[in-house]
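Understanding the architecture of this molecule
So you can see what is in the structure, the chains are spelled out below.
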Amino acid sequence: MSGASDCFHCGQPIPVGAHYPVAIDGVEREMCCTGCNAVAQAIVENNLTDYYRFRTEISSKPEDLVPEALRQLQVYDAPELQRSFVRATDGTGNIREASLILEGIVCAACVWLNENHVKQLAGILEFRINYSTHRATLKWDNSIIHLSDVLKAISEIGYHAHPFDPGRLESLQKKEKSVALRRIAVAGLGMMQVMMIAVAMYIGAVSDMDTGMRDFLRWISLIMTTPVVFYSSQVFFTSAWRDLRRRRFGMDVPVSLAIGIAFSASVWATVTGGGEVYFDSVSMFTFLLLSGRYLEMAARHKAGQVAEELVRLMPATATRVRDGEQEVIPVSQLEAGDHVLIRPGEVVPADGMVIDGASSTNESLLTGESLPCQKHVGDALVGGTVNIESPLTMRVEKVGDNTVLASIIRLLERAQSEKPELARMAEKVASRFVPIILVIAAGVFFWWYQHEPSQAFWIALSVLVVTCPCAFSLATPAALTAATGLLTSKGVLTTRGHALETLARINHIIFDKTGTLSHGQLEVVGFQVLGNATTSFCKHVAAGLETASEHPVAHAIIRLSDSPAVFTNLTSESGRGVKGIYQQKRYRIGTESFVRELTGVNLPETTRNTERSEIFLGSEDGWLALISLADRLREEAASVVQELRALGVDVTLLSGDAPTVVEGVAQQLGIPHAFGGQLPEGKLAYLKKLQEQGAVVAMVGDGVNDAPVLAGAQVSIAMGSGSQLAQASADMVLLSENLHQLPFAVQTSRRMQTIIKQNFAWTILYNLLAIPLAACGIISPWMAAIGMSASSLIVVLNALRLKN
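Residues numbered from 1 in each chain as written. Predicted model: local features only at pLDDT ≥ 70, side-chain atom pairs only at ≥ 80, totals over all residues. Heavy atoms only, no water.

Overview of the overall build of the protein
Along its length, the protein carries 29 helices and 29 strands. Expressed as a percentage of its 804 residues, the buried residues of the protein come to 53%. A separation of at least 24 residues holds for 66% of the contacts in the protein among residues at least 6 apart in sequence. Approximately 35200 Å² of the protein is accessible, and the part contributed by carbon and sulfur atoms is 56%. (Helix = DSSP H or I, 4+ residues; strand = E, 2+ residues; numbered from the N terminus. Buried < 20%, exposed > 50% of the residue type's maximum accessible area, 1.4 Å probe, protein only. Contact = heavy atoms within 4.5 Å. Areas by Shrake-Rupley, 256 points an atom, 1.4 Å probe, with all protein chains shown as cover.)

As structure tokens, then:
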């Protein structure tokens, strides 16, 4: 190995005066430099000291001086690797976000332990785990902490985290099922053998079995039960030890105590030849608990199915076209600007624009709409949709984490991992539940020991096993995951965890008009020149000004000119219009009052149409044009308003359009409250007034000017084609743009609340009944095991009713 004056890590001579000690396996070892000191310290902190214990000689290769397990964590800091799963969320690139998979999660206590442990690290901005899918969302400051440090911190408490990959998730789920089935098989075989022996012993107890035969059967039972305890039950002991090391009481603590104490007492009775043995009870409730946990795991996987289907939408390969040559490459190698050929039946590999061909695409998994969408040159294509009819050539515009599909998955993950108020309350109850049960079990044991010692042990055992704190923590996440999955399949994306909980309580909904109740595809139906300028010049200027706006009105006006004027100092004022400078002259387009501020004169006499939206164009020289626009209302809007009112939800229409236009739309759709000419601050003031009166308000909008109101509402819903700012402010996004999904979402959220309350009621009732019955000796250990497993399973299965 190394001499006394050589570095313990690398074997090089230690310089005179150097002192870099590291305690390894209780012995202080000297290192030659800070580098070896840091690596050795990392090896110790990660429990990798076997690296030193089993090495036969010190390698001369630098790469061998770092253990493989430690190097695997550090590789996740490489920028090339992070490009595939890490997203920078700020301009500096230091604030980063990633999705991880966690191995070793068995109950809600594991989630709590990981979240609290990681959140204590400096530089961690956000860390949330979805119990149903075991996926975590991590947000950190890379200038303070690196991803490998976070993964190392998770491994220190006995769990393993990896960057999220759909293929890896599927293999992990298969591995989880395979290991669970093996444990169940061992427990089942052991249980059957031990139960047969137990029957013989029970009969022998009645018919005075020979002591030698009884002891022989006990030893056989011990041999049969040993693999059940040390292999099948290992998952309970490992989880309980992790919890106790962190001074936490998870649901596996009482289970492990019950199994461990029962088995130890039985071994003692077998060795000494006296007392009672409980090998049959140990093997039976191990089998039943594992079976119940397996069924719960399968139900969890099913609850998170929609999110996994979205992840698998993106294909593995794409056909790239360069210089007329086609080559099949991994999707991860696509870059913005690449040309991709998409044949009929193939999945669009990234976001982009059609540059050749005409076809239709199936966007049902993204929007919930089954009707094909026609695509022609210039139309946008969304990654994950399916080309149906003819070949298309697409220019790639967005790849990886920047695609629409990646954004949807990210928002869905955030919604499912964020905890509503009910879930946080349930976790607090569950965290205090286990210590209380341990105290109750101890009290029950001492009471029975004083009154009937022979019954004390198995009755206390039943109390430990029968309780089910996990059902408390499962009640909300299971229902939330099922509900968000169902709504996503219908084209309603939930982006915040509290959204459905609050949506169930709304009694007022506010609609914007343009792009929400209407298609938002305004058309210019009238263009009246008011000054001496030509029509073509006015259209040229109007189109140029509107390039600064995302409002649907802007899109219609931009289409007036093939070559819009190029303005400087373009400024968009929310709810009023756009102003800018062209050829050293100031121009404005927007509302009458906004343009009048520039022209300084009143509008000249002209023909007005109060049923249409009117936009005015002017310059510092005077009025230029009056532009009339019309929008087509959505066919389903009237019936949706009636459905919402039937659900007890009051409806209001707020719009920046002319009051006469807004009132006409309200009458047509049957909306009782309508206000036009509303600026963002006016909409927000009306919203606050409703909230002060006790209303729980949902807001549906799509434009930039809706963002403040969306942020102020208790629940905000943005249209799928709306501006990015509106969607960023929203708790839900209507991807399908089918308004019929709004009442469906309200009904689903109310069903979810009902099911959560049912789950809580069942869990409370079960424990209120089960604990006294177990304490009275009515419930035996094997019955307690069935009850505990069934309690969690019933909660999950009840939540899955939401998917019907």
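Comments concerning unusual backbone geometry
One non-glycine residue, Q583, lies in positive phi territory at about 50°. On the accessibility criterion, Q583 (61% relative accessible area) is exposed. One non-glycine residue, Q584, lies in positive phi territory at about 60°.

Focus on the sheet that holds strand β14 (residues 380-381)
Judged by pairing direction, the sheet is antiparallel, and its six strands sit side by side in the order β9-β8-β10-β16-β11-β14 without closing on themselves. Strands with a single pairing partner mark the edges of an open sheet, and in this sheet they are β9 (325-330) and β14. Bridge analysis of strand β11 (residues 351-356) against β14 gives two bridges, and the strand direction is antiparallel. Counted as the bridge partner of G352 is L381 from β14. (Pairing = 2+ DSSP bridges.)

Focus on helix α28 (residues 741-775)
Here α28 spans 50 Å end to end across 35 residues, near enough to the 51 Å set by a 1.5 Å rise per residue. Two residues or fewer after α28 comes G777, characterised by a positive phi angle close to 85°. (Expected span 1.5 Å × (residues − 1).)

Here's the deal with the packing of aromatic side chains
In this structure the tally under the stated criterion is eleven aromatic pairs. With a centroid separation of 6.1 Å and 70° between ring planes, the pair formed by F263 and F279 is classed as edge-to-face. With F263 in helix α10 (residues 252-272) and F279 in helix α11 (residues 279-303), this residue pair connects regions lying 16 residues apart in the sequence. For the residue pair F263 and F279, the accessibility class agrees, reading buried in each case. By way of ring pairs, the aromatic residues F230, F263 and F279 are connected into one cluster. The lysine or arginine in question, R588, covers the ring of F594, its NZ or CZ lying 4.5 Å from the ring centre. (Phe/Tyr/Trp six-rings, centres within 6.5 Å; stacked < 30°, edge-to-face > 60°. Lys NZ or Arg CZ within 6 Å of the ring centre and 35° of its normal.)

What about the packing of helix α9 (residues 234-245) against α10?
One can describe the packing of α9 onto α10 by two numbers: an axis separation of 8 Å at closest approach and a directional angle of 125°. In terms of their interaxial angle, α9 and α10 are classed as oblique. For the element pair α9 and α10, the recorded crossing hand is left-handed. Of the residues in α10, those touching α9 at V235, F236, F237, S239, A240, D243 and L244 are D252, V253, V255, S256, I259 and G260. Counted by class, the contact of α9 with α10 contains eight nonpolar, three polar and two charged residues. (Axes fitted to C-alpha atoms, helices over the stretch in contact; angles between N-to-C directions. Parallel < 35°, antiparallel > 145°, perpendicular 65-115°, else oblique. Left-handed = near helix turned anticlockwise from the far one by under 90°. Nonpolar A, V, L, I, M, F, W, Y, C, P; charged D, E, K, R; others polar.)

Focus: the sheet that holds strand β24 (residues 622-630)
Sheet architecture is open: six strands sit in the order β19-β24-β23-β22-β21-β20, paired in antiparallel fashion. On the outer flanks of this sheet lie β19 (523-529) and β20 (568-573), each paired with one strand and no other. Strand after strand, the sheet turns through a mean of 15° between neighbouring axes, direction not considered. Two elements, β19 and β24, share six bridges in a ladder whose sense is antiparallel. Bridged to Q528 within β24 is L626.

Observations concerning the environment of L773
On the secondary structure map, L773 appears in helix α28. Put simply, L773 and A784 are eleven residues apart on the chain and 9.9 Å apart in space, counted from C-alpha to C-alpha. For L773, the residues in contact, after removing those within four places along its chain, are I778 and I779.

A few points about the confidence of the model for the protein
Detailed reading of the predicted coordinates is not advisable wherever pLDDT falls low. The pLDDT averaged across the protein works out to 79; a share of 81% of its residues lies at or above 70. Here helix α27 (residues 724-729) stands out as the element of the protein with the lowest mean pLDDT, 52, in contrast to strand β22 (residues 585-590), whose mean of 93 is the highest. Throughout residues 59-66 the model reports pLDDT below 50, and contacts reaching past four residues in sequence, or to other chains, amount to 13 contacts. (pLDDT = per-residue confidence, 0-100.)

Observations concerning the packing of α10 against helix α16 (residues 453-466)
Viewed as axis vectors pointing N to C, α10 and α16 meet at an angle of 155°, and their least axial separation amounts to 8 Å. Relative to α16, α10 is oriented roughly antiparallel. The handedness of the crossing between α10 and α16 comes out as left-handed. For the pair α10 and α16, the contacting residues are P254, L257, A258, I261, A262 and A265 in the first and F457, L461, L464 and V465 in the second. Looking at side-chain class alone, the contact of α10 with α16 contains ten nonpolar, no polar and no charged residues.

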